Amino acid sequence: MKKSLLASLTFALAAPLLAANVHAQAFGKAQDAIDYREGAFQIMKAHFGALQPVVKGQIPYDQAMVLANVEILDQVSKLPWKAFGPGTEGGDALDDIWLDEEGFKAAQKKYLDSLVPLTAAAKEGNLDKLKAAFVDTGASCKACHDSFRD
Ligand code: ASC
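What comes next concerns the included structure. Residue positions within a chain follow its written sequence, with the count starting from 1. The model is predicted, so local features are restricted to residues of pLDDT at least 70 and side-chain atom pairs to those at 80 or more, both for listing and for counting; the totals for chains, interfaces and linings are taken over all residues. With hydrogens and water set aside, each side-chain value is computed from the structure's full complement of heavy atoms.

**With respect to the pattern of salt bridges**
The salt bridge definition used is simple: a Lys or Arg side-chain nitrogen within 4 Å of an Asp or Glu carboxyl oxygen. This model, assessed by the stated rule, comprises three salt bridges. The closest approach of N and O atoms between Asp113 and Lys109, which form a salt bridge, is 2.7 Å. Taken together, the residues span about one helical turn, with Asp113 and Lys109 both in helix 6 (residues 101-124) at a distance of four residues. The closest approach of N and O atoms between Lys129 and Glu124, which form a salt bridge, is 3.0 Å. We count a stretch as a helix when DSSP gives it H or I for four or more residues in a row; a strand needs E for two or more, and each element gets its number in order from the N terminus.

Okay, structure coming up:
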(Lines give C-alpha, C1' and ligand atoms only; values in the text may rest on other atoms or scores of the structure.)
Protein backbone atom coordinates (compact mmCIF):
# COMPACT_ATOMS: atom_id res chain seq x y z
CA MET A 1 0.00 0.00 0.00
CA LYS A 2 2.70 2.41 1.03
CA LYS A 3 4.83 1.40 -1.88
CA SER A 4 2.04 1.91 -4.43
CA LEU A 5 1.24 5.32 -2.94
CA LEU A 6 4.86 6.28 -3.35
CA ALA A 7 4.77 4.97 -6.90
CA SER A 8 1.63 7.01 -7.66
CA LEU A 9 3.15 10.14 -6.18
CA THR A 10 6.33 9.61 -8.13
CA PHE A 11 4.36 9.17 -11.33
CA ALA A 12 2.21 12.24 -10.63
CA LEU A 13 5.34 14.32 -10.17
CA ALA A 14 7.16 12.77 -13.11
CA ALA A 15 4.27 12.88 -15.62
CA PRO A 16 4.69 16.56 -16.53
CA LEU A 17 8.41 15.96 -17.01
CA LEU A 18 7.67 12.97 -19.27
CA ALA A 19 5.26 15.11 -21.27
CA ALA A 20 7.90 17.82 -21.59
CA ASN A 21 10.37 15.18 -22.69
CA VAL A 22 8.03 13.88 -25.39
CA HIS A 23 7.72 17.43 -26.62
CA ALA A 24 11.48 17.87 -26.66
CA GLN A 25 11.83 14.64 -28.64
CA ALA A 26 9.27 15.68 -31.21
CA PHE A 27 11.10 18.95 -31.86
CA GLY A 28 14.80 18.88 -31.12
CA LYS A 29 15.16 22.61 -31.56
CA ALA A 30 12.69 25.48 -31.35
CA GLN A 31 13.36 26.16 -35.02
CA ASP A 32 12.19 22.62 -35.85
CA ALA A 33 8.86 23.37 -34.18
CA ILE A 34 8.60 26.69 -36.06
CA ASP A 35 9.40 24.99 -39.38
CA TYR A 36 6.90 22.22 -38.65
CA ARG A 37 3.99 24.53 -37.84
CA GLU A 38 4.80 26.86 -40.75
CA GLY A 39 4.92 23.84 -43.06
CA ALA A 40 1.52 22.71 -41.84
CA PHE A 41 0.07 26.19 -42.35
CA GLN A 42 1.49 26.29 -45.90
CA ILE A 43 -0.24 23.01 -46.71
CA MET A 44 -3.47 24.28 -45.16
CA LYS A 45 -3.21 27.48 -47.19
CA ALA A 46 -2.70 25.53 -50.44
CA HIS A 47 -5.70 23.27 -49.89
CA PHE A 48 -8.01 25.97 -48.54
CA GLY A 49 -6.86 28.25 -51.34
CA ALA A 50 -7.72 25.55 -53.90
CA LEU A 51 -11.37 26.01 -52.93
CA GLN A 52 -11.38 29.72 -53.64
CA PRO A 53 -11.84 29.57 -57.45
CA VAL A 54 -14.58 27.00 -56.88
CA VAL A 55 -16.60 29.13 -54.47
CA LYS A 56 -16.00 32.19 -56.66
CA GLY A 57 -17.39 30.31 -59.65
CA GLN A 58 -14.16 30.76 -61.59
CA ILE A 59 -13.84 27.05 -62.27
CA PRO A 60 -16.55 24.41 -62.58
CA TYR A 61 -17.69 22.74 -59.38
CA ASP A 62 -16.11 19.30 -59.05
CA GLN A 63 -17.22 17.49 -55.92
CA ALA A 64 -14.34 14.99 -55.91
CA MET A 65 -11.76 17.76 -56.24
CA VAL A 66 -13.38 19.78 -53.45
CA LEU A 67 -13.64 16.78 -51.14
CA ALA A 68 -10.00 15.77 -51.76
CA ASN A 69 -8.83 19.26 -50.79
CA VAL A 70 -11.11 19.50 -47.76
CA GLU A 71 -10.00 16.08 -46.47
CA ILE A 72 -6.35 17.09 -46.62
CA LEU A 73 -7.16 20.43 -45.01
CA ASP A 74 -9.01 18.63 -42.25
CA GLN A 75 -6.15 16.24 -41.50
CA VAL A 76 -3.34 18.77 -41.70
CA SER A 77 -5.33 21.22 -39.56
CA LYS A 78 -4.75 18.86 -36.61
CA LEU A 79 -1.00 19.33 -36.82
CA PRO A 80 0.36 22.81 -36.18
CA TRP A 81 -0.99 23.41 -32.68
CA LYS A 82 1.32 21.09 -30.76
CA ALA A 83 4.27 22.91 -32.32
CA PHE A 84 3.52 26.05 -30.29
CA GLY A 85 5.04 24.60 -27.11
CA PRO A 86 6.90 26.56 -24.46
CA GLY A 87 10.15 28.00 -25.74
CA THR A 88 9.12 27.93 -29.42
CA GLU A 89 8.46 31.65 -29.76
CA GLY A 90 9.45 32.97 -33.15
CA GLY A 91 8.52 33.02 -36.80
CA ASP A 92 5.40 35.12 -37.34
CA ALA A 93 3.96 34.03 -34.00
CA LEU A 94 3.06 36.88 -31.65
CA ASP A 95 3.97 36.45 -27.98
CA ASP A 96 0.25 36.65 -27.19
CA ILE A 97 0.10 32.96 -28.17
CA TRP A 98 2.00 32.17 -24.96
CA LEU A 99 0.63 35.08 -22.91
CA ASP A 100 -3.02 34.33 -23.73
CA GLU A 101 -3.09 30.55 -24.01
CA GLU A 102 -6.84 30.41 -23.50
CA GLY A 103 -7.47 32.95 -26.23
CA PHE A 104 -5.22 31.05 -28.61
CA LYS A 105 -6.96 27.76 -27.74
CA ALA A 106 -10.35 29.39 -28.35
CA ALA A 107 -9.19 30.67 -31.75
CA GLN A 108 -7.96 27.18 -32.67
CA LYS A 109 -11.26 25.68 -31.61
CA LYS A 110 -13.23 28.21 -33.65
CA TYR A 111 -11.18 27.33 -36.71
CA LEU A 112 -11.38 23.55 -36.17
CA ASP A 113 -15.13 23.78 -35.49
CA SER A 114 -15.56 25.67 -38.77
CA LEU A 115 -14.16 22.67 -40.63
CA VAL A 116 -17.09 20.48 -39.55
CA PRO A 117 -19.69 22.21 -41.76
CA LEU A 118 -17.06 22.68 -44.49
CA THR A 119 -16.42 18.93 -44.53
CA ALA A 120 -20.14 18.15 -44.38
CA ALA A 121 -20.83 20.45 -47.36
CA ALA A 122 -17.96 18.88 -49.32
CA LYS A 123 -19.26 15.37 -48.63
CA GLU A 124 -22.84 16.34 -49.42
CA GLY A 125 -21.78 18.00 -52.65
CA ASN A 126 -23.73 21.14 -51.83
CA LEU A 127 -22.09 24.21 -53.39
CA ASP A 128 -24.23 26.77 -51.53
CA LYS A 129 -23.34 25.22 -48.17
CA LEU A 130 -19.72 25.00 -49.27
CA LYS A 131 -19.67 28.72 -50.05
CA ALA A 132 -21.12 29.64 -46.64
CA ALA A 133 -18.74 27.31 -44.80
CA PHE A 134 -15.77 28.60 -46.81
CA VAL A 135 -16.55 32.16 -45.71
CA ASP A 136 -16.80 31.07 -42.05
CA THR A 137 -13.53 29.14 -42.15
CA GLY A 138 -11.77 32.06 -43.85
CA ALA A 139 -13.12 34.40 -41.16
CA SER A 140 -11.75 32.15 -38.42
CA CYS A 141 -8.33 32.05 -40.15
CA LYS A 142 -8.32 35.83 -40.33
CA ALA A 143 -9.50 36.32 -36.73
CA CYS A 144 -6.66 34.16 -35.41
CA HIS A 145 -4.12 35.91 -37.65
CA ASP A 146 -5.33 39.34 -36.51
CA SER A 147 -4.78 38.42 -32.86
CA PHE A 148 -1.85 36.04 -32.94
CA ARG A 149 0.19 36.46 -36.13
CA ASP A 150 2.59 39.27 -36.92
C1 ASC B 1 -6.37 31.70 -47.09
C2 ASC B 1 -5.17 31.89 -46.40
C3 ASC B 1 -5.44 32.46 -45.23
C4 ASC B 1 -6.89 32.64 -45.09
C5 ASC B 1 -7.26 34.04 -44.75
C6 ASC B 1 -8.76 34.20 -44.78
O7 ASC B 1 -6.51 31.18 -48.18
O8 ASC B 1 -3.97 31.57 -46.80
O9 ASC B 1 -4.58 32.79 -44.32
O10 ASC B 1 -7.41 32.21 -46.34
O11 ASC B 1 -6.69 34.91 -45.68
O12 ASC B 1 -9.10 35.50 -44.49
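**Considerations on the nonpolar core**
By nonpolar core we mean a set of buried residues, namely Ala, Val, Leu, Ile, Met, Phe, Trp, Tyr and Cys, connected to one another through side-chain atoms within 4.5 Å. The buried label applies to any residue whose accessible area, calculated with a 1.4 Å probe on protein chains only, is under 20% of its type's maximum; exposed applies above 50%, and partly exposed to all values in between. In terms of nonpolar packing, the biggest core is built from 28 residues, with Leu118 and Leu130 touching the most fellow members. Elements supplying a minimum of two residues to this core: helix 2 (30-49), helix 3 (52-55), helix 4 (63-76), helix 5 (96-99), helix 6 and helix 7 (127-148). If one sorts the elements of this core by residue count, helix 6 sits on top with seven residues.

**Here's the deal with the site of the ligand**
All residues in the neighbourhood of the ligand are listed as Lys45, Phe48, Gly138, Cys141, Lys142 and His145. Between N or O atoms, a polar contact is any pair within 3.5 Å; within protein, one atom must be a potential hydrogen donor and the other a potential acceptor, and residues adjacent in sequence are included only when both atoms are from side chains. Take Gly138: an N or O atom from its main chain is 3.2 Å from an oxygen atom of the ligand. Within the complex, the protein chains bury 65% of what would otherwise be the 310 Å² of accessible surface of the ligand. Put plainly, a pocket is an open set of points on a 1 Å grid over the protein atoms alone with protein on both sides within 12 Å along at least five of seven lines, a cavity is a set where a 1.4 Å probe fits but cannot get out, and a lining residue has an atom within 4 Å of a point. Here the criterion for a molecule occupying a pocket or cavity is that more than half of its atoms lie within 2 Å of the pocket grid points. Of all the cavities here, the one that holds the ligand is the largest pocket. Of all the elements in the fold, those that place two or more residues in the shell around the ligand are helix 2 and helix 7. In terms of residue count, the dominant contributor to the shell around the ligand is helix 7 (four residues). A per-class count over the shell around the ligand returns two nonpolar, two polar and two charged. Only heavy atoms are used to decide nearness, and a residue is near a molecule or strand if one of them lies within 4 Å of it. Computed with the Shrake-Rupley method and a 1.4 Å probe, the accessible areas treat only the protein chains shown as cover for residues. Ten residue types, Ala, Val, Leu, Ile, Met, Phe, Trp, Tyr, Cys and Pro, are classed as nonpolar, four, Asp, Glu, Lys and Arg, as charged, and the remainder, Gly among them, as polar.

**Focus: a negative patch on the surface**
Residues Glu89, Asp95, Asp96, Asp100, Glu101 and Glu102 make up a contiguous surface patch of negative charge. Inspection of the secondary structure puts Glu89 in the loop between helix 4 and helix 5. Like charges are joined within 9 Å and nonpolar side chains (Val, Leu, Ile, Met, Phe, Trp, Tyr) within 5 Å, but only among residues with over 30% relative accessible area and no salt bridge; these make up the patches. In this tally, Lys and Arg are treated as positive and Asp and Glu as negative; His is ignored, and so are the chain termini. All charge positions are set by atom: Lys at NZ, Arg at CZ, Asp at CG, Glu at CD.

**Points about the environment of Ala139**
Checked against the element boundaries, Ala139 lands in helix 7. It is 9.4 Å that separates the C-alpha atoms of Ala139 and Ser114, two residues lying 25 residues apart in sequence.

**Some thoughts on helix 4**
How far a helix is expected to stretch is found by multiplying one less than its residue total by 1.5 Å. Across its 14 residues, helix 4 extends 20 Å between first and last C-alpha, which sits within 8% of the 20 Å expected from 1.5 Å per residue. Those residues of helix 4 that fall on the buried side of the exposure criterion are Val66, Leu67, Asn69, Val70, Leu73 and Val76. In what follows, residue pairs with any heavy atoms lying within 4.5 Å of each other are defined as contacts. Tucked into the core, helix 4 has its buried residues touching helix 2, helix 3, helix 6 and helix 7. Backbone nitrogen of Ala64 and a side-chain oxygen of the N-cap are separated by 3.1 Å at the start of helix 4; the cap is Asp62.

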